[in-house]
Amino acid sequence: MQKIKLYLKLFLQTPKSFLYTFLKGSEEKVTVKPFNAKTKAKANAFIKMVKKLAPKLKINHFGSSSYNIGGRSDLDLFIECKRRDFPKYLKIFKNKFGDKYKRRRNFIQWTFDYKGTNIDLNLVDPKGRFFIIHKEADKIMKIPKIRKEYKELKKKIKNLNEREYELRKMEFFNDRLIEKGILPSTIFHKKIILVFIFLIATLVIFSSIKGLPGNPNPNDLNSDYWRDNGPLELSP
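Before going into details, it helps to say that this report is about the structure given with it. (Residues numbered from 1 in each chain as written. Predicted model: local features only at pLDDT ≥ 70, side-chain atom pairs only at ≥ 80, totals over all residues. Heavy atoms only, no water.)

## Regarding the packing of aromatic side chains
Counted according to the given criterion, the structure contains 21 aromatic pairs. For the pair F93 and W110, a centre-to-centre distance of 5.9 Å together with 85 degrees between the ring planes defines the contact as edge-to-face. Of this pair, F93 sits in helix α4 (residues 86-97) while W110 sits in strand β4 (residues 107-114), placing them 17 residues apart in sequence. A single burial state applies to F93 and to W110, both of which are buried. Ring plane angle 10 degrees and centroid distance 5.2 Å describe the contact between F97 and F112, whose orientation is recorded as stacked. Of this pair, F97 sits in helix α4 while F112 sits in strand β4, and the two are 15 residues apart along the sequence. Residue F97 is classed as buried on the basis of its relative accessible area, which comes to 14%. The exposure class assigned to F112 is buried, which follows from its relative accessible area of 17%. Taken together, the ring pairs in this structure connect F46, Y89, F93, F97, Y101, W110, F112 and Y114 into an aromatic cluster. The ring centre of Y20 lies 4.2 Å from the NZ or CZ of K102, which sits over that ring. In this arrangement the basic side chain of R176 is found over the ring face of F172, its NZ or CZ atom lying 3.7 Å from the centre. (Phe/Tyr/Trp six-rings, centres within 6.5 Å; stacked < 30°, edge-to-face > 60°. Helix = DSSP H or I, 4+ residues; strand = E, 2+ residues; numbered from the N terminus. Buried < 20%, exposed > 50% of the residue type's maximum accessible area, 1.4 Å probe, protein only. Lys NZ or Arg CZ within 6 Å of the ring centre and 35° of its normal.)

So, to be careful, I would describe these as geometric facts and stop short of saying anything about function.
Listed below in structure tokens is the structure:
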């Protein structure tokens, strides 16, 4: 029951991200590793390389490794770029990182291995919602109290499978982004769901009503025609 409540909550808050975990996530147990300074060093080296490709663009390093917190030893990098310049930099990055990428309106994402470290490289429109949410989450993680809570969460979920691991992290950030007003409260969404359920129930009730027009007389009630098509089940 608790899992169902969690799923419904996350679906109402961030439906696309929630559904994506069922496409990307697996049943395999995650491996949470202690923070390793080498991971951050790899990030800095990689950022320097990207800077040579796009010296005018700002590169952000988000995620656990940027906060000196243990995790899956992956790197989340966000390169700010105006959407109108996407074609220019897409050509540059394709030559370096390959043709396998995911493209959406406000971001282009590559996922690949770099010297044994998984990298999510995102070319993002800084005004797009995708980047804004990640940037606000980064601001939250700069608060010592929140960072400590996140460390404790990582300890609790380290034995979960990949999908549940990602969903627990999603819940953690969603709750705090809602408190800041970045994500809408689920109260509004719950009202929409209740209205939707009411309309469906009403439709089902009216579609199930059967019968004949007019008021039947005693002779009609005893006829075979009324027995078969009338609104009430008449016992013989």
